[in-house]
Amino acid sequence: MKLISERSKQVVTAGDARAVVCDRPSVAGSVTQRACTFCGSRVVLYPIGDALHLVHGPVGCAAYTWDIRGALSSGMQLHRNSFNTDIRETEVIFGGEKKLARALRELIPVHRPKAAFVYATCLTGVIGDDVEAVCRGAAAEFGIPVIPVQSEGFRGTKKHGYSAACAALTQLIGTGDTAGIGPLSVNILGDFNIAGEIWTIKGYLERMGVEVVASMTGDGRVDDIRRAHGAKLNIVQCAGSMTSLARMMQEKYGIPYVQVSFFGLEDCAAALYEVARHFADQAVLERTRALVREETAAVLPVMAELRRDLEGKVAALYVGGAFKAFSLVKALRQLGMRVAMAGTQTGAQADYEHLKELCDAGTILADDSNPLEMAAWLAERDVDLFIGGVKERPVAYKLGIGFCDHNHERKIGLAGFVGMAAFAREVHATVMSPVWKLVPRRARASGAQP
Amino acid sequence: MLEMTPATSTERTALKINPAKTCQPVGAMYAALGVHGCLPHSHGSQGCCAYHRSHLTRHFKEPIMASTSSFTEGSSVFGGMANLQQAVSTIFEMYDPEIIAVHTTCLSETIGDDIPTIIGKCQNEGKIPEGKVIVHANTPSYVGFHVTGFSNMVKGFVKYLAASTGRRSEAVNLIPGWVEPSDMAELKRYTAAFNLPTIMLPDTSSVLDAPATGEHSFYPKGGTTVAQIRAMGDARHTLALGAWASSDAAELLTKQCEVPHEVLDLPIGLAATDRFISALAKLTGTAVPQGIEDERGRLVDVINDMHQYLGGKKVAIWGDPDQVIALTEFCRDMDMKPVHVLTGGNGQAFEERIKAILADSVPGANVKQQGDLFLMHQWIKKEPVDLMIGTTYGKFISRAEDIPLVRFGWPILDRVGHSYFPSVGYTGGLRLATQLISAIQERQDRDAPDHAFELVM
């Protein structure tokens with residue numbers, strides 16, 4: 001497989017002594033699967049259901065992020081609407097601040113949100129709108145937090161957007177009353193309640209006797225986030241997006257954090273035990289043991305049965321952050337599958353080193369990949385399953401390969417023990433589907449067609 | 001989720017809620033995908049390209065290939081020249097397209113990157129391999145809407161490539177407008193039925209409806225070739241379908257290559273298809289082939305057979321101006337009442353045209369350009385309709401108000417079929433009519449009390 005020459009150091013195979021060079025911008029001209037700062041901020045803050053999310057920029061930024069993330073809310077659904085200042089040529093010349101102020105005035109009294117987030121975009125950044133000043137004015141006028149998000153797309157990749165979103169959250173945290181928060185309390189950071197996953201995790205924590213103060217941001221609520229500084233521990237699930245917030249809360253409020261993953265039996269159990277051990281409470285530990293025992297026992301037979309078919313099948317994955325990649329490699333191994341390729345959009349060097357240890361020798365590890373490379377690897381390694389997001393799905397299908405969305409468009413919760421069973425069923429359903437044999441390349445390979 | 005929509009409209013001067021449009025670059029990307037061996041290139045931040053690719057993928061369920069200049073904070077200050085130069089090298093080295101179609105974004109427009117100069121520089125520095133070309137279009141997101149970007153990109157191809165050699169050919173140029181790959185294939189079927197040599201630009205058929213072979217083809221076999229676009233300058237006539245999407249390129253062909261042009265409505269529905277077919281008959285000087293007459297007859301037959309289901313039904317329509325104009329006329333001709341008609345796109349001509357179409361049948365219709373779906377919802381709350389026709393985004397209103405929705409236009413994110421079965425022409429009209437009839441009949445069945453529940457309809 002020929003690589004863009006600048007990219008040659010971004011791809012290695014496990015067992016190779018070379019380190020993956022990563023954390024660098026995509027080469028201009030590549031068909032990168034990555035997005036921008038705005039995208040990063042938008043996906044992180046979007047699930048807060050009782051906040052107003054106003055995109056200050058041209059219509060596209062608002063239109064493409066209108067309800068694309070299956071982040072479920074148990075109540076208010078204000079976040080699922082698309083609010084936009086629809087910047088036009090006039091504002092490009094004369095500035096968009098007045099329009100932004102008017103937009104907030106037209107929105108806040110009507111919808112009475114608990115807080116408003118105003119997302120800056122490339123355009124409003126480059127024309128120099130003082131979004132912060134307008135937000136300050138609106139906050140004073142309406143008496144709710146109106147928080148600017150510095151998410152101009154050109155600032156960098158999604159990673160920068162995550163930081164900007166975390167910075168916005170820090171403006172809410174610490175402004176609420178923490179009375180009544182017990183000693184066994186946590187915040188969940190970096191779960192976005194895709195397909196209801198945070199409800200699964202919250203359910204486990206409740207059974208352990210641990211109180212969840214705020215979830216950031218899946219099924220998130222402004223008032224909960226305002227009192228998040230009262231929690232005694234932060235559980236960081238999506239490390240890439242939320243570690244910076246956890247660090248900030250540690251510095252400012254002395255709240256320790258643990259980085260965990262709830263994907264896969266091993267990691268999920270490890271996550272819950274880590275929380276239990278942190279509190280050093282015998283009763284919590286006992287309840288956690290019981291929970292893990294019970295949940296695992298329910299899931300293992302399902303997996304054992306599915307594994308019979310999946311043993312020896314080959315998978316490839318391309319995901320946003322590295323933590324998800326770690327979990328997926330382990331989860332796939334539990335299903336008897338081999339990983340031929342693992343890539344991430346935003347992994348760091350240490351992450352790739354860890355991936356190397358996790359993966360079998362020969363596994364391709366790629367930072368910031370593109371469809372040309374991926375399609376070649378998928379065919380070369382005769383992969384049976386590809387795990388990725390919206391842009392990866394049709395590539396897999398064109399090649400006649402099973403696919404599992406582990407991104408915004410997943411419809412079935414994959415977190416937790418029940419999520420592992422769901423994952424196993426989904427993987428099994430797609431890998432074992434007879435439809436791939438209808439595709440000429442796979443039909444030839446299986447000998448079904450000359 | 002839409003419980004927050006109040007029935008009474010308040011004045012909104014600075015705000016769009018639930019847009020019925022998106023920005024120019026995605027239209028430019030769609031148009032460029034209809035050129036064979038073309039890699040669309042987004043000159044801006046990475047997110048634009050990622051969003052456009054994702055959105056097109058959601059609509060077509062196909063891989064969408066496009067590259068980006070990957071702007072950084074530095075490029076936003078110093079300009080994106082270095083990025084585009086690097087991009088050109090990378091693209092030809094890695095992806096080996098016949099042609100790169102650069103479109104700009106709000107960012108590169110605002111900082112003032114001069115694309116022709118940069119392309120010239122690439123040329124001088126030998127970055128463009130022999131026989132390969134780069135074209136561009138200016139597509140600032142803060143002007144117009146997604147159809148403007150489509151129009152600008154098609155115009156860009158014409159501007160860079162179409163040339164007159166002085167010898168007129170027998171060919172006719174056809175600019176199909178923003179329609180589905182299936183529609184483009186159908187339009188070619190019609191011109192073939194008239195034995196009319198045709199160059200269609202763009203042509204996304206066999207690109208965005210590519211068959212599954214088990215191989216990933218970076219450049220699928222369809223698309224207008226560069227040679228064909230060059231030859232457009234020698235054509236004897238241009239038919240442009242849809243004023244918003246196609247008239248600019250047709251006008252440029254007249255100006256640049258003296259190819260006469262006419263602008264027709266998108267041939268959606270009976271009357272608009274009649275006008276398209278008679279234009280083909282006039283151009284070829286032949287009678288309409290019997291097969292096409294028969295297709296027309298079938299459409300009329302179904303409209304007549306089922307008129308009691310559609311007659312008098314109130315309908316709300318939104319989408320892109322060219323589509324909505326044709327649909328409104330079609331609905332009117334089937335005796336439906338389009339009471340709410342809206343586009344997110346801009347152009348006063350839209351309101352004038354719709355009002356003219358509805359002058360006799362629905363004189364009090366709500367008509368709006370630069371509207372949004374929040375407004376559409378408010379209209380529907382005040383005056384409910386029997387049926388909604390529009391994009392997937394209408395499903396929230398459909399659910400909130402319990403009104404059936406027939407999906408039409410761009411984007412359709414939650415159903416398949418639109419890219420495989422045409423809506424243009426008589427057969428396309430038949431498909432549309434059956435969709436509308438089925439939606440009404442399904443609803444009638446669902447709501448009928450036991451005693452009125454009918455086996456035969």
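As the structure is a computational prediction, the values presented were derived from the model and not from experiment. (Residues numbered from 1 in each chain as written. Chains lettered and ligands numbered in written order. Predicted model: local features only at pLDDT ≥ 70, side-chain atom pairs only at ≥ 80, totals over all residues. Heavy atoms only, no water.)

**A look at the overall build of chain B**
In terms of helices and strands, chain B carries 18 helices and 14 strands. For 457 residues, the compact-globule formula gives about 23 Å, and the C-alpha radius of gyration of chain B, at 23 Å, lands near that figure. Projected onto the principal axes, the alpha-carbon positions of chain B cover approximately 80 × 55 × 45 Å. When each of the 457 residues of chain B is scored for burial, the buried share is 62%. Expressed as a percentage of contacts within chain B between residues at least 6 apart in sequence, the contacts between residues at least 24 apart total 74%. Summed over all atoms, the accessible surface of chain B reaches about 16,000 Å², with 51% contributed by carbon and sulfur. In chain B, 39 positive and 50 negative side-chain charges are present, and the distance between their average locations comes to 2 Å. (Helix = DSSP H or I, 4+ residues; strand = E, 2+ residues; numbered from the N terminus. Rg over C-alpha atoms; globule rule 2.2 N^0.38 Å. Buried < 20%, exposed > 50% of the residue type's maximum accessible area, 1.4 Å probe, protein only. Contact = heavy atoms within 4.5 Å. Areas by Shrake-Rupley, 256 points an atom, 1.4 Å probe, with all protein chains shown as cover. Lys, Arg positive; Asp, Glu negative; His and termini not counted. Charge placed at Lys NZ, Arg CZ, Asp CG, Glu CD.)

**Quick look at the domain arrangement of chain A**
Residues and elements named next belong to chain A. Structurally, chain A comprises domain 1 (5–19 + 311–410), domain 2 (37–172) and domain 3 (185–290). Domain 1 and domain 3 are separated by 27 Å when their C-alpha centres are compared. Across the boundary between the two partners, domain 1 contributes ten residues, which contact twelve residues of domain 3. When domain 1 packs against domain 3, close to 960 Å² is buried across both sides, 56% of that on carbon and sulfur atoms. The interface formed by domain 1 and domain 3 holds two salt bridges in total. The closest approach of N and O atoms between Asp267 and Lys330, which form a salt bridge, is 2.6 Å. Seen at the junction of domain 1 and domain 3, the total is four residue pairs in polar contact (both at pLDDT 80 or more). Per-class residue counts for the side of domain 1 that touches domain 3 are two nonpolar, five polar and three charged. (Domains from an automatic or database assignment. Buried area = accessible area lost by both parts, 1.4 Å probe. Salt bridge = Lys/Arg side-chain N within 4 Å of Asp/Glu carboxyl O. Polar contact = N/O pair within 3.5 Å; in protein donor to acceptor, adjacent residues only side chain to side chain. Nonpolar A, V, L, I, M, F, W, Y, C, P; charged D, E, K, R; others polar.)

**Topic: the domain arrangement of chain B**
Quite often, the size of an interface is put as the accessible area lost when its parts meet. Residue and element names in this part refer to chain B. Along its sequence, chain B is organised into domain 1 (24–157), domain 2 (172–288) and domain 3 (293–451). Look at where the C-alpha atoms of domain 2 and domain 3 centre, and you get two points 25 Å apart. Counting from both sides, the interface comprises 28 residues of domain 2 and, opposite them, 33 residues of domain 3. Summed over both partners, the interface of domain 2 with domain 3 buries about 2,600 Å², with 58% contributed by carbon and sulfur atoms. Applying the counting rule to domain 2 against domain 3 returns four salt bridges. For the salt bridge of Arg189 with Glu295, the shortest nitrogen-to-oxygen distance reads 3.0 Å. Residues of the side of domain 2 that touches domain 3, tallied by class, amount to 16 nonpolar, four polar and eight charged.

**A short note on the interface of chain A and chain B**
On the side of chain B, 70 residues touch chain A, which itself brings 71 residues to the contact. Between chain A and chain B, roughly 6,100 Å² of surface is buried when both sides are summed, and carbon and sulfur atoms account for 62% of that area. The largest per-residue losses of area from chain A upon contact with chain B belong to Tyr64, Trp66 and Lys398 of chain A, which jointly make up 15% of the total buried on that side. On the surface where chain A and chain B come into contact, there are five salt bridges. We note a salt bridge from Asp86 of chain A to Lys21 of chain B, for which the minimum N-O separation is 3.0 Å. Linking chain A to chain B there are 25 residue pairs in polar contact (both at pLDDT 80 or more). The dominant element in the side of chain A that touches chain B, judged by the number of residues it contributes, is helix H4 (residues 97–111) of chain A, at six residues. Of the residues belonging to the side of chain A that touches chain B, the class tally is 37 nonpolar, 17 polar and 17 charged. Examined bridge by bridge, strand E3 (residues 83–84) of chain A and strand E1 (residues 16–17) of chain B share two bridges and lie antiparallel to one another. Bridge pairing in E1 of chain B places Asn84 of chain A opposite Lys16 of chain B. (Pairing = 2+ DSSP bridges.)

**Notes on helix H1 (residues 24–33) of chain B**
All names here are of chain B. Among the ten residues in H1, ten count as buried, and that is most of the element. Of the positions making up H1, those classed as buried are Gln24, Pro25, Val26, Gly27, Ala28, Met29, Tyr30, Ala31, Ala32 and Leu33. Against strand E2 (38–43), helix H2 (46–60), strand E4 (99–104), helix H7 (146–161) and helix H8 (181–193) lie the buried residues of H1.

**A look at the sheet that holds strand E4 (residues 115–120) of chain A**
Pairing is mixed in the open sheet, where five strands are placed in the order E5(A)-E4(A)-E2(A)-E3(A)-E1(B). If you trace the sheet from one side to the other, it starts and ends with strand E5 (146–149) of chain A together with E1 of chain B, each paired once. Note that strand E2 (residues 51–56) of chain A and E3 of chain A share two bridges and pair parallel. For Val55 of chain A, the partnering residue across the bridge sits in E3 of chain A and is Asn84 of chain A. Most of the contacts of helix H1 (residues 37–45) of chain A go to E4 of chain A, to which it runs at about 165°, and overall it touches E2, E4 and E5 of chain A. Sheet contacts for helix H6 (residues 131–142) of chain A: E2, E4 and E5 of chain A; angle to E5 of chain A, the most-contacted strand, approximately 170°. (Axes fitted to C-alpha atoms, helices over the stretch in contact; angles between N-to-C directions.)

**Thoughts on the sheet that holds strand E13 (residues 387–390) of chain B**
Residue and element names in this part refer to chain B. Taken in spatial order, the five strands make up an open sheet running E12-E11-E10-E13-E14, and their pairing is parallel. A single partner strand is all that each edge strand has here, and the edge strands are strand E12 (366–368) and strand E14 (405–407). Direction aside, neighbouring strands of the sheet carry axes that sit 20° apart on average. Each of strand E10 (314–319), strand E11 (337–343) and E13 touches helix H14 (residues 321–333); the most contacted strand, E10, lies at about 165° to it. Contacts from helix H18 (residues 425–447) reach E13 and E14, with the element oriented near 145° to E13.

**Focus: the packing of H8 of chain B against H18 of chain B**
Residue and element names in this part refer to chain B. At a minimum axis distance of 9 Å, the contact between H8 and H18 shows a crossing angle of 140°. The angle between the axes of H8 and H18 places the two elements in the oblique class. On H18, the residues that touch Glu186, Arg189 and Tyr190 of H8 are Gly425, Tyr426 and Thr427. Partitioning the contact of H8 with H18 into residue classes produces two nonpolar, two polar and two charged. (Parallel < 35°, antiparallel > 145°, perpendicular 65-115°, else oblique.)

**Thoughts on the pattern of salt bridges**
Residues and elements named next belong to chain B. Scanning the model with the defined rule gives 47 salt bridges over all chains in all. We note a salt bridge from Glu125 to Lys127, for which the minimum N-O separation is 2.9 Å. Assessed through its relative accessible area of 40%, Glu125 is described here as partly exposed. For Asp414, the salt bridge is made with Arg407, and the minimal N-O distance between the two is 2.7 Å.

**Some thoughts on the pairing of E10 of chain B**
Residue and element names in this part refer to chain B. For E10, the tally of buried residues reaches five of six residues, placing the bulk of the element in the interior. Taken together, the six bridges between E10 and E11 define a ladder with parallel strand orientation. Looking across to E11, one finds that Ile317 is bridged to Val341. The parallel pair E10 and E11 is bridged by H14, and the resulting crossover is right-handed. Of the pairings in the sheet, the one linking E10 to E13 comprises three bridges and is parallel in character. When the bridges of E13 are listed, Ile317 appears paired with Ile389. (Right-handed = clockwise from strand over helix to strand, strands pointing away.)

**As for the state of the cysteines**
Residues and elements named next belong to chain A. Within the structure shown, the criterion is met by zero disulfides over all chains. Take Cys135: it sits in no disulfide, and the sulfur closest to it among the cysteines is that of Cys61, at 16 Å. When its relative accessible area of 1% is taken as the criterion, Cys135 is described as buried. (Disulfide = S-S within 2.5 Å.)

**Let's talk about the packing of H1 of chain B against H2 of chain B**
Residues and elements named next belong to chain B. Where H1 meets H2, the closest approach of the two axes is 10 Å, and the angle between their N-to-C directions is 60°. In terms of their interaxial angle, H1 and H2 are classed as oblique. Relative to H2, the crossing made by H1 is right-handed. Of the residues in H2, those in contact with Pro25, Val26, Met29, Tyr30 and Leu33 of H1 are Cys49, His52, Arg53, Leu56 and Phe60. For the contact of H1 with H2, the per-class residue count stands at eight nonpolar, one polar and one charged. (Left-handed = near helix turned anticlockwise from the far one by under 90°.)

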